[in-house]
Amino acid sequence: QQYDQEGPRGGSKLIRGIIVNNPSNPTGGVFSKSHLAQIINFCQRHRLPIVADEVYGNLVFGENTFHPVAQVAAELGRKVPVITASGPAKQLL
């Protein structure tokens, strides 16, 4: 299926939510605040909850900055359900 800013198209499957894996492991890629804002706005527009896999939130490389999805949504004043998955063992390394 293909997706764009207007929503899902080209299929009949029901979309129940979005999973955001940020930061990415093993590459350490981190989404920018503006990229997360686009995802959040899309989810609000289409009434989709976000499951944010932020297990490696405190393990970023170089100058990258990690932005928690729930925090960005709150800063934008968006009312999008965000379920955050985290791991204390990874955060305390």
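What counts and what doesn't
- Every residue gets a number counted from 1 within its own chain, in the order that chain's sequence is written.
- The model is predicted, so local features are restricted to residues of pLDDT at least 70 and side-chain atom pairs to those at 80 or more, both for listing and for counting; the totals for chains, interfaces and linings are taken over all residues.
- Note that water and hydrogens are dropped before the side-chain values are worked out from all heavy atoms of the structure.
- Scored between 0 and 100, pLDDT is the confidence that the predictor attaches to each residue.
- Helical segments are the DSSP runs of H or I of at least four residues, strand segments are the runs of E of at least two, and each set is numbered from the N terminus.
- Expected span of a helix: the number of residues minus one, times 1.5 Å.
- Strand pairing requires that DSSP identify at least two bridges connecting the strands.
- For the handedness criterion, the strands are oriented away from the viewer, and a crossover whose path from the first strand over the helix to the second runs clockwise is classed as right-handed.
- Orientation is described by lines fitted to C-alpha atoms, with helices fitted over the stretch in contact, and by angles between N-to-C directions that extend from 0 to 180 degrees.
- Note on contacts: a residue pair qualifies if any of its non-hydrogen atoms lie within 4.5 Å across the two residues.

Chemist: Sorry, what's going on with the confidence of the model for the protein chain here?
Modeler: For any part of a model where pLDDT is low, the fine detail of the predicted coordinates should not be relied upon. Chain-level pLDDT for the protein chain is 83 on average; 81% of the residues reach the 70-or-more range. Across the protein chain, element-level confidence peaks in helix α2 (residues 69–76) with a mean pLDDT of 95 and bottoms out in strand β1 (residues 2–4) with 50.

Chemist: Looking at this structure, how should I read helix α1 (residues 33–45)?
Modeler: For an α-helix, 3.6 residues make a turn, and residues three or four places apart therefore share a direction. Its 13 residues place the ends of α1 18 Å apart at the C-alpha level, agreeing with the 18 Å of an ideal helix rising 1.5 Å per residue. Backbone geometry just downstream of α1 places Arg 47 in the positive-phi region, at approximately 55°.

Chemist: So what exactly am I meant to see when it comes to the pairing of strand β3 (residues 18–21) here?
Modeler: Inspection of the sheet shows β3 paired to strand β4 (residues 50–53) by four bridges, in the parallel sense. By the bridge assignment for β4, Val 20 is matched with Ala 52. For the segment spanning β3, α1 and β4, crossover handedness is right-handed.

Chemist: Hey, could you run me through the sheet that holds strand β5 (residues 82–85) in this one?
Modeler: Strand pairing in a sheet relies on backbone hydrogen bonds. The paired strands run either parallel or antiparallel. Strands sit in the order β3-β4-β5 across an open sheet of three strands; the sheet is parallel. Single-partner strands in this sheet number two, and they are β3 and β5. Here the average twist between neighbouring strands, direction ignored, is 20°. In this fold α1 packs onto β3 and β4, with an angle of close to 165° to the strand it touches most, β3. Contacts from α2 reach β3, β4 and β5 within the one sheet, and its direction differs from that of β5 by about 150°.

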